[in-house]
Amino acid sequence: MTSFDLVRDLPAALTDREAAWTYIRGFAATWRTRLTAEDGTPEAELTAAEEALGIRLPAGVREAYALFGRRFDLHSNMQHLLSPGEFYIDDRKEALVFREENQGAASWGVLLTDLGRPDPPVRMRSDLADKEAERWEGWLSGFAVSCIEIVLSESLQAEEPVCDHGDYDDGDELARRFTRLPFPSYPEGEQGPAFYTGSGLLLCDGGGGWLSVRARDEETLDRFRADVPADWLNG
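To keep things clear, this report deals only with the structure shown in the data block. (Residues numbered from 1 in each chain as written. Predicted model: local features only at pLDDT ≥ 70, side-chain atom pairs only at ≥ 80, totals over all residues. Heavy atoms only, no water.)

**A closer look at the packing of aromatic side chains**
Tallied over the full model, the rule gives 11 aromatic pairs. Grouping aromatic residues by their ring pairs yields a cluster made of Trp 108, Trp 139, Phe 183, Tyr 186 and Phe 195. The positively charged end of Arg 99 is found above the aromatic ring belonging to Trp 108, 4.5 Å away from the centroid. Here the guanidinium or amino end of Arg 216 rests over the ring plane of Trp 31, the centre of that ring lying 5.2 Å away. (Phe/Tyr/Trp six-rings, centres within 6.5 Å; stacked < 30°, edge-to-face > 60°. Lys NZ or Arg CZ within 6 Å of the ring centre and 35° of its normal.)

Shown next as structure tokens:
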């Protein structure tokens, strides 16, 4: 594999499904551990889920799970990516749900009407007190792009000594000092979280003054925390 670059390799990954899987492989090899054949969900599990639900999974969903479905460190440190056996159709029979917020505050899914598309848009539905107000809102334009978002965001949430979080409310300073990843705004069309990178660092400005960081090693993280004033949880 050629050298992986968070910024350089992202534009192609946002427009081409195969490039998205290559991006995730590169990220895993560089920032986590290399993906292996054992990290994918077996074909039999995907087929069993289809038979149980009476649907056909989009090609992009099958490809993503075959690539990293069993790598929980890449997709389930905070939110929960469902295994194929946990997939379900929501109570209104509108969407296939594949991911849940860790406290049940939201779900992510693909509309049943989009299941015939190879790389369908992903929607998000918040759990509201007023159930009649709940809607499947836009999240990201394709399943492959959503997988990139999952891998980037979940890598920052690992309970590891190279990760930390803190109150930091100066997005302009982040933009001056670090390179923003050319990731689309999300939820779709909104000004949501923003990813940045620097030497050996991956950052996410989650909005509301909350900053998450992952470093390639503990020394890099220590230097970052010393240089960026914030009320760090672990530092």
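**Details of the pairing of strand 4 (residues 106-111)**
Remember that side chains alternate between the two faces of the sheet whenever the strand is regular. A large share of strand 4 lies buried, amounting to six of its six residues. Of the pairings in the sheet, the one linking strand 3 (residues 95-100) to strand 4 comprises five bridges and is antiparallel in character. Among the inter-strand pairings, Ala 95 is bridged to a residue of strand 4, identified as Leu 111. The turn linking strand 3 back onto strand 4 is made up of five residues, and Gly 104 within it adopts a positive phi angle of 75°. Pairing geometry for strand 4 and strand 5 (residues 122-126), over four bridges, is antiparallel. Across the sheet, Ser 107 pairs through a bridge with Arg 125, a residue of strand 5. (Buried < 20%, exposed > 50% of the residue type's maximum accessible area, 1.4 Å probe, protein only. Helix = DSSP H or I, 4+ residues; strand = E, 2+ residues; numbered from the N terminus. Pairing = 2+ DSSP bridges.)

**Some thoughts on unusual backbone geometry**
If a residue is not glycine, its phi is most likely negative; likewise, a peptide bond is most likely trans. The omega torsion across Tyr 186 and Pro 187 is 0°, close enough to zero to call that bond cis. Within the element layout of this structure, Pro 187 appears in the loop between strand 8 (179-180) and strand 9 (194-198). A positive phi is found at Lys 93, a non-glycine position, where the angle reads about 60°. Examined against the element boundaries, Lys 93 turns out to sit in the loop between strand 2 (88-89) and strand 3.

**Focus: the environment of Arg 8**
Within the secondary structure, Arg 8 is located in the segment before helix 1 (10-15). It is 36 Å that separates the C-alpha atoms of Arg 8 and Ala 44, two residues lying 36 residues apart in sequence. Here Asp 9 takes part through its side chain, which lies 2.7 Å from a polar atom of the side chain of Arg 8. (Polar contact = N/O pair within 3.5 Å; in protein donor to acceptor, adjacent residues only side chain to side chain.)

**Considering the environment of Phe 224**
Among the structural elements, Phe 224 can be located in helix 8 (residues 218-227). Of the residues examined, Phe 224 reaches a relative accessible area of 4% and is grouped as buried. Separated by 119 residues in the primary sequence, Phe 224 and Ala 105 place their C-alpha atoms 32 Å from one another.

**Comments concerning a negative patch on the surface**
A surface patch of negative charge is lined by Asp 167, Asp 169, Asp 170, Asp 172 and Asp 231. Among the secondary structure elements, Asp 170 is positioned in the loop between strand 7 (163-167) and helix 7 (171-177). Judged by its relative accessible area of 32%, Asp 170 is partly exposed. (Patch = residues over 30% accessible without salt bridge, like charges linked within 9 Å, V, L, I, M, F, W, Y side chains within 5 Å. Areas by Shrake-Rupley, 256 points an atom, 1.4 Å probe, with all protein chains shown as cover. Salt bridge = Lys/Arg side-chain N within 4 Å of Asp/Glu carboxyl O. Lys, Arg positive; Asp, Glu negative; His and termini not counted. Charge placed at Lys NZ, Arg CZ, Asp CG, Glu CD.)

**Concerning the pattern of salt bridges**
Opposite charge on two side chains allows them to pair when their charged atoms are near. Scanning all chains against the criterion turns up 24 salt bridges. When the shortest N-O distance is used, the salt bridge between Glu 50 and Arg 62 registers 2.9 Å. Here Arg 62 lies in helix 4 (residues 59-68) and Glu 50 lies in helix 3 (residues 43-53), a separation of 12 residues in the sequence. No difference in accessibility class separates Glu 50 from Arg 62, as the two residues are buried.

**Points about the layout of surface pockets**
The space that makes up the largest pocket amounts to roughly 480 Å³. Taken together, 20 residues make up the lining of the largest pocket; nearest its centre are Gln 79, Glu 149, Ser 153, Gln 157 and Pro 193. Looking at the lining of the largest pocket, the element that brings in the most residues is helix 6 (residues 143-155), giving three residues. Along the lines of polarity and charge, the residues of the lining of the largest pocket split into nine nonpolar, seven polar and four charged. (1 Å grid on protein atoms, 1.4 Å probe; cavity = no way out; pocket = protein on both sides within 12 Å on 5 of 7 lines; lining within 4 Å. Points joined across faces, edges and corners; volume = space filled by probe spheres on them. Nonpolar A, V, L, I, M, F, W, Y, C, P; charged D, E, K, R; others polar.)

**Brief notes about the pairing of strand 9**
With four of its five residues buried, strand 9 lies for the most part within the structure. The pairing of strand 8 with strand 9 spans two bridges and is antiparallel. Each bridged residue has a counterpart across the sheet, and for Arg 180 the counterpart in strand 9 is Tyr 196. Two elements, strand 9 and strand 10 (residues 201-205), share five bridges in a ladder whose sense is antiparallel. Among the inter-strand pairings, Thr 197 is bridged to a residue of strand 10, identified as Leu 202. Counted between consecutive antiparallel strands, the loop separating strand 9 from strand 10 contains two residues, among which Gly 200 sits at a positive phi close to 70°.

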